[in-house]
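# Coordinate analysis (summary)
Here is what each chain is made of, one letter per residue.
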Amino acid sequence: MKKVLIIEDNEKNLYLLRFLIQNLGHEVVEARDGKQGLEKALAEKPDIILMDIQLPVMDGYETTRQIRSHEEFKKIPIIAITSYAMAGDREKTLNAGCTDYIEKPIQPERFIEKIKNYL
Amino acid sequence: MNILKGFSIKKKLILIQLLTTFAVLSFYTVFNIVRDTRFYLNSVSRELTSIADLVGSSCISALHFYDRETAGSTLSILEADEHVVNALILDSNGELFAEYNKKGYNDFDPEKPLAETIRREAKFITISKPIFQDKETLGYISIRYDMRGFQQIISKNKVISLIIFLIGMATAWILAVFTQKTISNPILKLREDMKRISETGDYSIRPSKERDDEIGVVTDGICDMLEQIQVREEERARMLQALQESEEKYRNLVERANDGIVILQEGVFKYVNPSLVKMAGSSKEKLLGSPFIDFVYKDEIPKVRDHYLKRMKGEPVPAMYETVFKTGKGEIVDAEVNAGSIKYKGKPADLVIIRDITKRKQMERELIKHRDHLEELVEERTTELEEANERLLELDRLKSMFLASMSHELRTPLNSIIGFTGILLMEMSGELNPEQRKQLNMVKSSAHHLLDLINDILDISKIESGKVELSIETFSLMDVVREVLTTIQPLANEKNLQLSVKEAEEVQITSDRRRVKQILMNLVSNSVKFTDKGFIEINITPLKNHTVSADVKDTGIGIHKEKLKILFNPFQQIDMTSTKKYEGTGLGLYLSKKIVTHLHGDISVKSKPGKGSTFTFILPIKWKEEPENEKSTDH
């Protein structure tokens, strides 16, 4: 069982992601904005982070950069949850330090297939 | 000879001949008379001497013996000679010894000469000589001879000589008149011909040549001269005519010109044409002789004067300038003046052409007014347009923002719909009965359709507002094709369609991977959508010009010819009634075309209804910011 930090401001999306992760048998830690996400990451030390990009207070890029700036998080998988609307910014997520990305809207079959690689 | 100058040749010739004859005859006559006179005088002298000698010697004995009587009778013998009028003998002392006096001649005064003397008087000739015997003077003899008879002979001779002289002169006259004709007649004839030519002016007349002498040569010379004169005369006549025609042409031109044309000398009108008279509102008589400057509007006088003075000094001035005139009626005339120097009647003058441009000036002023007004209008409009443009740009920004945020907002609920539908279908939340599964699949399909629509609209709005962000990288085209095939394969399988890559050239291209995939996906899914049986075939072929073509061939329903043109327009899914059967956004081809253009490629289609379609899209192997052939492909 792994500890998964989900940083997502939308309640329904958060619910969906939590449902899927818990259904796969893993522990979920939640954060609702970038700043909170950074704090939770430092405090909880998760095994994997699911990072929404459009976040209040501090966006996904900045949050990723800050998490990555800590020595213990250099190799942790950070999966960006990107929107099709932000297509041009996809490279930006990788440049910011994300390991991979999953497109919104989340299609459960594909999501599970992809996330299994990191769990 | 100067006196002869005024005479005709005829008279001169006659006169010369007469003078010559006169001189010869005069000399001859005078010579004759003198010679005759001398001859007679000599013969008389000789006769008298012999008489004196004879009578003297006869009287020697008488003197010797002092016999007066014998002496007297001896002297009386002299009676026989009618011309001897007096004879006397003196003795050695000079005393009268004997005498004989013819009746009526008693006035004889004898001399006592020592030697023989001959004394000539008006009417008489007297010879006196001593009478010698053995060198002793015995006495003296004197004889007087009456010369009147002799003078008669002389006179007769003179008359004869004169007659001969006159006959000679008359003959000379006749000869002179005759001979002069041979010389003067041809000259006179020549003169007549010349007179005729000069009177009639007919230079075609030629004097006839009748001789080969000097006059003939002169005639030839005159003929040559006439030839030349005739040629020149004809030339002159032609020139004169040309000149007249030219003069008439130019006079007409000047007289009928719409422009005022004047000739000035020392600033005064010397010639004015009717247009100028009309323009000046005056009469020709008043204008001629009046100063030009009076005609110039007073404010313009310095300018006109300055131009004139500069032109006179030879400084470069424009040939044409504009000024203002004031007519006799006080009207103001705007004029264009063109002045130049000419010669008029042998003196320097100015030819000035004056064009009335009052109307033009008025129109110009109107035009300027309109132009100024127009400029204001244009400025106003420009401002309005700028504002409108500003508003439009703002609207466009708003539209893009609206579309972006709307897409985002629309997508957020779709996330839940698609996500939870997926969870339900995976039966993670519990088992489903077949009806529930069927209905949830419908929800899923509709949600995906809606998502596609939203994504296409967002793409189009980005492309249309020029906000396309390309992500250029180098990748394998075949990899992309394989990805597309993996995605589409389940759909093809559902319809029992054969989906394959026929020609699979491994080509590395530099372009936007996601966009290329989007286009290929669109084309292949379209083919699957519109094909019910048969196959779909993909070919990747490198072309010349560093391009690569990807074509998608199907055995689908095909497209009508007239529909091909509008195929790439938005919302042109071919059969509007068939949208239910072939579900789609209607934006796929339009979007593909837009994207291909941004990738500097091209997309085209070939199709036969009922047989199938082939979509081909061509991409440059290396995408560049400004492709070399962009301009040519635009047209």
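See the structure above.
A short tour of the structure in this document, coming up. (Residues numbered from 1 in each chain as written. Chains lettered and ligands numbered in written order. Predicted model: local features only at pLDDT ≥ 70, side-chain atom pairs only at ≥ 80, totals over all residues. Heavy atoms only, no water.)

## Focus: the sheet that holds strand E16 (residues 602-608) of chain B
Residues and elements named next belong to chain B. Read across the sheet, 5 strands follow the order E12-E14-E15-E17-E16 without closing on themselves; strand pairing throughout is mixed. Of all the strands in the sheet, just strand E12 (498-504) and E16 have a single pairing partner and so form its edges. Within the sheet, the average angular offset between the axes of one strand and its neighbour, ignoring direction, is 15°. Pairing analysis gives 8 bridges linking strand E14 (residues 535-543) to strand E15 (residues 547-554), with the strands arranged antiparallel. Bridge pairing in E15 places Leu-543 opposite Thr-547. (Pairing = 2+ DSSP bridges. Helix = DSSP H or I, 4+ residues; strand = E, 2+ residues; numbered from the N terminus. Axes fitted to C-alpha atoms, helices over the stretch in contact; angles between N-to-C directions.)

## Comments concerning the nonpolar core
Residues and elements named next belong to chain B. Residues Val-516, Ile-519, Leu-520, Leu-523, Ile-540, Phe-615 and Phe-617 are the most contacted members of the largest nonpolar core, which totals 44 residues. If you list the elements that add at least two residues to this core, you get helix H9 (434-464), helix H10 (477-494), helix H11 (513-530), E14, E15, helix H13 (588-598), E16 and strand E17 (612-620). If you tally residues by element for this core, the top one is H10, at 8 residues. Not counting residues up to four positions away in its chain, the partners in contact with Leu-520 are Val-480, Val-481, Val-484, Ala-550, Val-552 and Phe-617. Core analysis: the next-biggest nonpolar cluster, separate from the first, contains 29 residues, Val-44, Ile-60, Ile-89 and Ile-131 among them. (Core = buried A, V, L, I, M, F, W, Y, C linked by side-chain atoms within 4.5 Å. Buried < 20%, exposed > 50% of the residue type's maximum accessible area, 1.4 Å probe, protein only. Contact = heavy atoms within 4.5 Å.)

## A look at the environment of Tyr118(A)
Residue and element names in this part refer to chain A. Within the element layout of this structure, Tyr-118 appears in the segment after helix H5 (108-115). Dropping the residues within four chain positions of it, Tyr-118 is found in contact with Lys-2, Ile-48, Pro-77, Ile-79, Thr-99 and Asp-100. Among the polar contacts made by the side chain of Tyr-118, one reaches the side chain of Asp-100 at a distance of 2.9 Å. (Polar contact = N/O pair within 3.5 Å; in protein donor to acceptor, adjacent residues only side chain to side chain.)

## With respect to the sheet that holds strand E2 (residues 27-31) of chain A
Residue and element names in this part refer to chain A. The parallel open sheet is built from 5 strands, whose spatial order is E2-E1-E3-E4-E5. Sheet topology places E2 and strand E5 (100-103) at the edges, where each strand pairs with a single neighbour. In this sheet, neighbouring strand axes are inclined to one another by 20° on average, regardless of whether the strands run parallel or antiparallel. When strand E3 (residues 48-52) meets strand E4 (residues 78-82), the two strands line up parallel, connected through 4 bridges. Across the sheet, residue Ile-49 finds its bridge partner in E4, namely Ile-78. Against the sheet, helix H1 (residues 11-23) contacts strand E1 (3-7), E2 and E3, and its axis sits at roughly 160° relative to E2. Contacting E3, E4 and E5, H5 crosses the sheet at an angle of about 170° to E5.

## Overview of the pattern of salt bridges
Residues and elements named next belong to chain A. All chains considered together, the criterion is met by 39 salt bridges over all chains. Between Asp-52 and Lys-104 there is a salt bridge whose closest N-O contact spans 3.2 Å. Of this pair, Asp-52 sits in strand E3 while Lys-104 sits in the loop between E5 and H5; the two residues are 52 residues apart in sequence, bridging distant segments of the chain. Of the two residues examined, Asp-52 and Lys-104, each falls in the buried class. For the salt bridge of Lys-114 with Asp-100, the shortest nitrogen-to-oxygen distance reads 3.8 Å. Of the two residues, Lys-114 is situated in helix H5 and Asp-100 in strand E5; the sequence distance between them amounts to 14 residues. (Salt bridge = Lys/Arg side-chain N within 4 Å of Asp/Glu carboxyl O.)

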